[in-house]
Amino acid sequence: MNERIPAVIGAGGIKTHKIEGDHATPTGIFPLRRVFYRADRVASPVCHLPVEPLSRHDGWCDDPTHSDYNRYVMLPHPARHERLWRDDHLYDLVVVLGYNDAPPVPGRGSAIFLHLPPPHSRPTEGCIAVAEPELRRLLGMGLREIEVLPPGRR
């Protein structure tokens, strides 16, 4: 599949050299690792990836000083982390991308996901956001990776 999809990206734009907290979306080809979804809000997606319903105890460590950096964690967790169970709808359907995870390099960025867009097309904090029907279509077609091109190569 070689398709260009409209997406919302990070407020810091697209960067080849991402660092934690810069609000930029990294460039590269990223495999899709697994999908989480809010079973109390949306149906499970049809796809080839591992799919799990979210719980209130799901988190992602974004603390570059901790050994769990850029990894799924159960809450409560002692290090700085992001809650995956959110009041807004961004993570009603969220795909974990294979960015900085083999192995994670402290400070190179964490919690880069493919998720639903923020209201009013506001930028993300570095993730890639796609409308739910489009995300479901791509997952159903067997999407295995996405490519984020550097500025000027779009």
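Given the structure is predicted, the values throughout are model-derived calculations rather than measurements.

### Overview of the pairing of strand β8 (residues 93-97)
Here comes step 1: Among the five residues of β8, five are classified as buried, and the element is accordingly described as predominantly covered.
Here comes step 2: Residues L93, V95 and L97 of β8 are buried on one face, and the alternating residues V94 and V96, pointing to the opposite face, are buried as well.
Here comes step 3: Pairing between strand β3 (residues 28-37) and β8: five bridges, direction antiparallel. Residue pairing in the sheet places R34 in a bridge with V96 of β8.
Here comes step 4: For β8 and strand β9 (residues 113-115), the ladder comprises two bridges, and the chain directions are antiparallel. Bridge pairing in β9 links V95 to L114.

### A closer look at the packing of aromatic side chains
Here comes step 1: Summed over the entire model, instances satisfying the criterion amount to four aromatic pairs.
Here comes step 2: Where F30 meets Y99, the ring centres are 5.5 Å apart and the plane angle is 85 degrees; that geometry is what we call edge-to-face. Of the two residues, F30 is situated in strand β3 and Y99 in the loop between β8 and β9; the sequence distance between them amounts to 69 residues. The pair formed by F30 and Y99 is uniform in burial state, with each residue classed as buried.
Here comes step 3: Three or more aromatic residues link up through ring pairs in this structure, and these residues are W60, Y91 and F113.
Here comes step 4: When the ring centre of Y72 is taken as origin, the NZ or CZ atom of R34, which lies over that ring, is 4.9 Å away.
Here comes step 5: The cationic tip of R38 hangs over the ring face of W85; the distance from NZ or CZ to the ring centre is 3.5 Å.

### Quick look at the environment of P117
Here comes step 1: Among the structural elements, P117 can be located in the loop between β9 and β10 (128-129).
Here comes step 2: Look at P117 and you get partly exposed, because its relative accessible area is 31%.
Here comes step 3: The residues touching P117, leaving out its near neighbours within four places in the chain, are V8, L90, A129, V130 and A131.

### Looking at helix α1 (residues 132-140)
Here comes step 1: For α1, the full list of buried residues reads L135, L138 and L139. Along the axis of α1, the buried residues cluster in a sector spanning 100 degrees; they form a single face. For α1, exposure combined with an orientation more than 90 degrees from the buried face picks out P133 and G140.
Here comes step 2: Residues of α1 that are buried in the fold lie against β3, β8 and β9.
Here comes step 3: With its phi angle positive at about 95 degrees, G142 sits one or two positions after the end of α1.

### Overview of the UniProt feature "active site" (unreviewed entry) in the chain
Here comes step 1: Per the UniProt entry, the sites bearing "active site" (unreviewed entry) are H115 and C127 in this numbering.
Here comes step 2: Relative to the helices and strands, H115 resides in strand β9.
Here comes step 3: Beyond its immediate stretch of four places on either side in the chain, H115 contacts L90, Y91, L93, V94, T124, C127, I128, A129, V130 and L135.
Here comes step 4: With respect to the helices and strands, the residue C127 is situated in the loop between β9 and β10.

### As for the side chain of R38
Here comes step 1: With respect to the helices, strands and loops of the structure, R38 is situated in the loop between β3 and β4 (51-53).
Here comes step 2: Under the relative-accessibility criterion, R38 is labelled buried at 4%.

### Quick word on the pattern of salt bridges
Here comes step 1: The final tally for this structure, using the stated rule, is twelve salt bridges.
Here comes step 2: The partner of R86 in a salt bridge is D88, and the shortest N-O contact between them spans 2.7 Å.
Here comes step 3: A relative accessible area of 29% means that D88 is categorised as partly exposed.
Here comes step 4: With a shortest N-O distance of 2.7 Å, E134 and R137 are connected by a salt bridge. With a gap of three residues between them, E134 and R137 both fall in helix α1, about one helical turn apart.
Here comes step 5: Residue E134 is classed as partly exposed on the basis of its relative accessible area, which comes to 23%.
Here comes step 6: Each of the salt bridges in this network shares a partner with another, and the network as a whole consists of E3, E134 and R137.

Rules and cut-offs
- Residues numbered from 1 in each chain as written.
- Predicted model: local features only at pLDDT ≥ 70, side-chain atom pairs only at ≥ 80, totals over all residues.
- Heavy atoms only, no water.
- Buried < 20%, exposed > 50% of the residue type's maximum accessible area, 1.4 Å probe, protein only.
- Helix = DSSP H or I, 4+ residues; strand = E, 2+ residues; numbered from the N terminus.
- Pairing = 2+ DSSP bridges.
- Phe/Tyr/Trp six-rings, centres within 6.5 Å; stacked < 30°, edge-to-face > 60°.
- Lys NZ or Arg CZ within 6 Å of the ring centre and 35° of its normal.
- Contact = heavy atoms within 4.5 Å.
- Arc of directions from axis to C-beta.
- UniProt positions renumbered as here; feature names shortened; annotations may be inferred.
- Salt bridge = Lys/Arg side-chain N within 4 Å of Asp/Glu carboxyl O.

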